[in-house]
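The lines below spell out each chain.
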Amino acid sequence: ARADDDEPVMFPLSLLLTEFHFVCVDRDQTFRVVSRLNEKEVHREALPLHALPTARGMRAGGGSVKVGYVRGLVKDELKDTLWLYTDSAVYEINVVAEDRHAWKLYLEKGAYELALEKCKTAAQRDTVWSAQADHYFGRQKYALAAKYYGQSLRSFEEITLRFISIGERRALR
């Protein structure tokens, strides 16, 4: 397969899907994580090919364990854990707060309901409601705009002046 610019497409050695990310190891032993929501790379790490120091070896000034080449990634669906395996070892990949930016990425796409589902704080919900209200206001859907402004923390005076300045008083009822 070839990309649009005639560069060869490099397929990963191994690929996993999580709810929000593609997790892959490339053939050059690079571990990468790419967002499924905006297709941006969020993590990249060159994996060691030969040896990692052991905990005992780090304290004593020596000692290492041979890692070998990465052979693949697997996902335990029951425990929702990710594993990387090499020629000689198996490593658990710790996934922490994978969804922490999901609300913002959904908001950027205009997927307001999905954004609200992923909000964890009142400030995040306020940001989504304000953006949703601005969206409807810009499309002259004033009743919907008023509904979401009413859920936001924007001041009553600011919202009222905005509607009055365009002669739209019906939405204020």
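Residues numbered from 1 in each chain as written. Predicted model: local features only at pLDDT ≥ 70, side-chain atom pairs only at ≥ 80, totals over all residues. Heavy atoms only, no water.

Asker: Help me understand the pairing of strand S8 (residues 81-86), please; the structure alone is not making it clear to me.
Answerer: It is a general feature of regular strands that their side chains alternate between the two faces of the sheet. Pairing geometry for strand S7 (residues 70-76) and S8, over 6 bridges, is antiparallel. Across the sheet, residue Val70 finds its bridge partner in S8, namely Thr86. Between S7 and S8, which pair antiparallel one after the other, the connecting turn spans 4 residues, and Asp80 there sits at a positive phi close to 55°. Sheet analysis places S8 next to strand S9 (residues 90-93), joined by 4 bridges and oriented antiparallel. Bridge pairing in S9 places Trp83 opposite Glu92. Connecting S8 to the antiparallel partner S9 that follows it, the hairpin turn spans 3 residues. (Pairing = 2+ DSSP bridges. Helix = DSSP H or I, 4+ residues; strand = E, 2+ residues; numbered from the N terminus.)

Asker: How do you make sense of the pattern of salt bridges when you look at a structure like this?
Answerer: Where charged atoms from two side chains of opposite charge come close, those side chains can pair. This model, assessed by the stated rule, comprises 9 salt bridges. A salt bridge links Glu41 to Arg44, with the nearest nitrogen and oxygen atoms 3.0 Å apart. Bridged by salt links that share partners, the residues Asp26, Arg32, Glu41 and Arg44 form one connected network. (Salt bridge = Lys/Arg side-chain N within 4 Å of Asp/Glu carboxyl O.)

Asker: How should I be thinking about the sheet that holds S8 in this particular structure?
Answerer: Sheet strands associate in pairs through backbone hydrogen bonding, adopting either a parallel or an antiparallel arrangement. Read from one edge of the open sheet, 3 strands run S7-S8-S9, paired in antiparallel fashion. This sheet does not close on itself; its edge strands, each paired only once, are S7 and S9. When the angles between neighbouring strand axes are averaged without regard to direction, this sheet yields 25°. (Axes fitted to C-alpha atoms, helices over the stretch in contact; angles between N-to-C directions.)

Asker: Please explain the sheet that holds strand S4 (residues 41-46) as it appears in this structure.
Answerer: Pairing is antiparallel in the open sheet, where 4 strands are placed in the order S1-S2-S3-S4. Of all the strands in the sheet, just strand S1 (14-17) and S4 have a single pairing partner and so form its edges. Sheet twist, expressed as the mean angle between neighbouring strand axes with direction ignored, is 10°. Strand direction decides the pairing type here: S1 and strand S2 (residues 21-25), joined by 4 bridges, are antiparallel. Its bridge partner being in S2, Leu15 is matched across the sheet by Cys24.

Asker: Where do I start with the packing of helix H5 (residues 142-151) against helix H6 (residues 156-165) in this structure?
Answerer: Relative orientation and spacing of two packed helices are given, respectively, by the angle between their axes and the distance between those axes. Put simply, H5 and H6 touch, their axes get as near as 11 Å, and they point 170° apart. The angle between the axes of H5 and H6 places the two elements in the roughly antiparallel class. Residues Tyr142, Ala145, Ala146 and Tyr149 of H5 form the contact with H6, whose participating residues are Ile159, Arg162 and Phe163. (Parallel < 35°, antiparallel > 145°, perpendicular 65-115°, else oblique. Contact = heavy atoms within 4.5 Å.)

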